[in-house]
Amino acid sequence: NPWIQLDWSTSQTINKILLSDRVNTDDHTPGGTLTFSDGSSVQVTDMENDGTPLEVTFQDKTVTWVRFQVTGGTGYNNGLAELEVYGK
């Protein structure tokens, strides 16, 4: 189960993440877990298999890192095409 982690050198206040699966039908990441440096986590489900971004919103979090860990998935190269983080 692949994962990706974004680290910041200073605390960031964030409240939205966009996740995009790879744009091919051979590799699919249906979901996973977003884990934050504050100890919280958010389950992610129902990601499209065509690169359409899934918007995950949550209450403001002040963190120094976020990790997305794939759950399930098919293909030899399942993972993300893009991960965008938004906040204040």
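Since the model is a prediction, treat every value here as computed from it, not as a measurement. (Residues numbered from 1 in each chain as written. Predicted model: local features only at pLDDT ≥ 70, side-chain atom pairs only at ≥ 80, totals over all residues. Heavy atoms only, no water.)

A. Quick look at the overall build of the protein. Broken down by element type, the protein carries 0 helices and 5 strands. Tracing the protein from N to C terminus, the helices and strands come up as β-β-β-β-β. Against the 2.2 N^0.38 benchmark of 12 Å for 88 residues, the protein shows a C-alpha radius of gyration of 13 Å, consistent with a compact globule. If you line up the protein on its principal axes, its C-alpha atoms span 35 × 20 × 20 Å. Here the protein holds 88 residues, and 32% of them are scored as buried. A separation of at least 24 residues holds for 78% of the contacts in the protein among residues at least 6 apart in sequence. Accessible surface, the protein as shown: approximately 5,100 Å² in total, 44% of it carbon and sulfur. The positive charge centre, built from 5 side chains, and the negative charge centre, built from 12, are 9 Å apart in the protein. (Helix = DSSP H or I, 4+ residues; strand = E, 2+ residues; numbered from the N terminus. Rg over C-alpha atoms; globule rule 2.2 N^0.38 Å. Buried < 20%, exposed > 50% of the residue type's maximum accessible area, 1.4 Å probe, protein only. Contact = heavy atoms within 4.5 Å. Areas by Shrake-Rupley, 256 points an atom, 1.4 Å probe, with all protein chains shown as cover. Lys, Arg positive; Asp, Glu negative; His and termini not counted. Charge placed at Lys NZ, Arg CZ, Asp CG, Glu CD.)

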